[in-house]
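Tertiary structure, described
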Amino acid sequence: MIRPSKVAAIARFEFANIAKRWSYLLVTFGLPIFFSGLSGGMLTLQGKFLVERAEQTTVYGLVDRAGLVDSEAIWTDYAGLDGSRARAAVLAAELTADERRFMTLDAVVFTRFADEADALALLREDRLGAVYVVGDDYLATGAVTVYESETGPVISVRSATVEPVLERLLIDRMLRGNVDEAIVARALEPMILERVTTSARGDHRSTQNRALELIVRTGIPFLLGVLLLTALLSASGYLVQTIALDKESKVVEVLLSSADPDELLTGKLLGLGAAGLLQFFVWAGMVVGGALAATALASSLDVPVPWSAIAISPLFFVLGYLFFGSLMLCTGSLGSSVPESQKLTLGWALLAVLPLMMMIILLEEPHGSIGKLLTWIPFSAPLTVIVRMSIAPEGISVAEIFGAIGMLIVSTWVAIRLGARLFRVGLLLTGSRPSFRELMRQARLID
Amino acid sequence: MTAVLAYHGVRKSYGRTVALRDVSLEVQPGEVFGLLGPNGAGKTTLIRIGLDILRPDAGEVRLFGAPLHRDGLDRVSYLPEERGLYKKVKVLDALTYFARLKGLGRKDARRASERWLDKVGMGHVAKRNVETLSKGMSQKVQIAGALLSEPELCVLDEPFSGLDPVGVDMVKQLIRERRASGRATILSTHMMNQVEQLCDRVAVIHAGERVVYGTLREVRRSSSAPVVRVRVEGDLPELPQVARVVEEEPGNDRELPLLALHLAAGGTPAELLDALVGARARVHHFEEVLATMEEIFLRAVRGTGHEVSAPAEEAAE
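Below: a short report on this structure. (Residues numbered from 1 in each chain as written. Chains lettered and ligands numbered in written order. Predicted model: local features only at pLDDT ≥ 70, side-chain atom pairs only at ≥ 80, totals over all residues.)

**Observations regarding the sheet that holds strand β2 (residues 17-27) of chain B**
All names here are of chain B. Basically, it comes down to this: In this scheme, strands are said to pair when DSSP sees at least two bridges between them. We count a stretch as a helix when DSSP gives it H or I for four or more residues in a row; a strand needs E for two or more, and each element gets its number in order from the N terminus. We call two residues in contact if the C-beta atoms placed from their backbones are at most 7 Å apart. For helices, the axis comes from a line fit to the C-alpha atoms of the stretch in contact; other axes are also lines fit to C-alpha atoms, and the angle between any two N-to-C directions lies between 0 and 180 degrees.
The antiparallel open sheet is built from four strands, whose spatial order is β2-β1-β4-β5. Each of the sheet's edge strands pairs with one partner strand only, and the pair in question is β2 and β5 (66-67). Pairing of strand β1 (residues 5-14) with strand β4 (residues 58-63) involves five bridges; the strand directions are antiparallel. Each bridged residue has a counterpart across the sheet, and for A6 the counterpart in β4 is R62. Along the sheet face, helix α1 (residues 43-50) touches β1, β2 and β4 and points at about 120° away from the line of β1.

**Some remarks on the nonpolar core**
A general trend in soluble globular proteins is that nonpolar side chains are found buried together. The test is simple: Put simply, a nonpolar core is a cluster of buried Ala, Val, Leu, Ile, Met, Phe, Trp, Tyr and Cys residues tied together by C-beta atoms within 7 Å. Partly exposed residues are those falling between the two cut-offs: more than 12 but fewer than 20 other C-beta atoms within 10 Å of their own, whereas 20 or more means buried and 12 or fewer means exposed, with C-beta atoms placed from the backbone.
Within the largest apolar cluster, 145 residues are counted, with the highest numbers of intra-cluster contacts made by L228 and L232 of chain A together with A144 of chain B. No other element matches the 13 residues that helix α8 (residues 210-248) of chain A contributes to this core. Other than its neighbours up to four places away in sequence, A144 of chain B contacts L95, W116, L117, K119, V120 and M122 of chain B. Judged by nonpolar contacts, the second largest core, of 25 residues, contains V59, V109, V134 and V162 of chain A.

**Observations concerning the interface of chain B and chain A**
How we decide: Ten residue types, Ala, Val, Leu, Ile, Met, Phe, Trp, Tyr, Cys and Pro, are classed as nonpolar, four, Asp, Glu, Lys and Arg, as charged, and the remainder, Gly among them, as polar.
Taken together, the 19 residues of chain B in the interface contact 17 residues of chain A. In terms of residue count, the dominant contributor to the side of chain B that touches chain A is helix α2 (residues 91-101) of chain B (four residues). Among the residues forming the side of chain B that touches chain A, the class breakdown is eleven nonpolar, two polar and six charged.

**Looking at the sheet that holds strand β12 (residues 242-249) of chain B**
Residue and element names in this part refer to chain B. The strand order β12-β13-β11-β14 describes an open sheet built from four strands, whose pairing is antiparallel. If you trace the sheet from one side to the other, it starts and ends with β12 and β14 (282-288), each paired once. Here the strands of the sheet are splayed against their neighbours by 30° on average, with no regard to which way each runs. In this fold helix α8 (residues 269-278) packs onto β11 (227-233), β12, β13 (258-263) and β14, with an angle of close to 180° to the strand it touches most, β14.

Any functional reading would require information beyond the geometric quantities listed.
Here it is in structure tokens:
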């Protein structure tokens, strides 16, 4: 019979002991700030860089063998260039000779060459960003060759900035004067797409921003799953650490002379579980905060935030923690030091990571046979249910959710019962480790 | 009187290794009970079984007159031989935790911890982390931890190790205070001089068996040769109680000769004293020669001893 007063005393001590450590405080409160700061800083820096690169005006060479852009009316000399950036770019490339002709489209400046030789010579001197050659059989093949300097950037934003401009220029030059102006306009922007998602209940929802929705619908489950797993393993890790420290510090016998192994195991599970839950709430708060920000950002776009998954995640954290924690405590107690105990519990941690290894399949087909199977396995249930509920909550049945909860409760009960017996034996083990059979005999699991 | 702790026919094996064979003994209220034996004899297993840390394969253990139960263990404390404290925890917090585990309320636990730290002279380290303590300081803190719940039974396994003479004296005083207040103490130690000074009754365990058991006096007497040392003025009268006389020290100007009188079969020191007084001998010194606990221990462990048990009524004194 477990005595609540003992369990409470153990739980309170373990919670205070871990929560006062600077390493716990740092990981719990510092890590989210660090990662937010780091990822925010990195994203801002990269965004700024890409925007600057996109806005940077560069001169590109254009050799038009197909004669599509040979109309003098669309070209100008240096003096006729619009905008100070375009003029600065031409000046920087030292291309201000009177006979040189230019065309400015958005932030792109093209300069015309009769053949590749002159253009490539300037490219080699890094005075041009690239040289585009429209083939003489362009109408038949659509072939355009782009020459790039090998000293140029490996990953370039040119395909997103220069090439669409060139594409529109070629379309415009082919159609203008040959077809109606409305057709030219539509050809230049042939499709304004509106996505509408329809649910099993017959609801329709406009999803204008597919990219943002994709980020929210896959990013949040992924982040939530990773956080759940990290918090689970972190809290279980504290358990392994504390029991190994009990043995290393030689306080085990004093504890066992005052409390039953069941009480010790339960008290440690609860105390360190509370510390783990606090950690999870802080971390999950970061995800929820991110989700709220995304919702605010995308309020006009009706992006779905998986609130049901977020709401149920603490329950799955608690169940998953109790299950893994009791397994880790009993196996960790067999070690004689912190590193040895951690090695012994590595297998459980790998089983916990299983759904993360299957994340691609889960994201692609959350309610497929693998998703359904992982829902019923106690090792993978917490993460799988959260991910499935995040991606498409309507695809997971109530029976599956309650089934997973029930399976976890039963498995946890079995793990605690068996774990407490091994725990009693493991706590007193010193020196050489007994054989598996001897261990089972001492734990009275076999005769 | 109900025994505080009683073992009846306790057996315990680890695989094929037999740790305890049908061990029976009792610890009475208010006594200091010496649990002795060489390393690996089974003492720790016996203690662990008495504290419900281990379960026996056979036999019965009764605590405070009832079958072993967890609530009864709140009235028992244990200072194991292999001991320590949480290194990263403040001394006062560690002791308060141990007191809480013994069922004390939060305030009582804290007050008792402070009082006992003062009592062992460690009040000044209450707020310090355990890892900053020296070995001797840590020992004193742990002794305070074992005694602060004022348990009716306290098991002290090698409580003197790591202590200086002042520390040893302090622990001896604490054990005597426990006896004076009617609380039982089981003392497991290899320091036989401390056993002679402190214990009321003893048991020696060897190879899992109880080989010596009884009151200290009875154990020493029954393990001793029937010899009495005397200093007598004048000639020693001829007495039928004396089989042989050996002069151990010759007499001189300051001291009478020291004679070892080997008693005749069936003779007792008391009868001899009566006979000496009856013969009007002027006895200056009369000393029953008893084996030391160290001699008894060595004989028992080397197989030359024999089971020494006090009569049942004496064991229950």
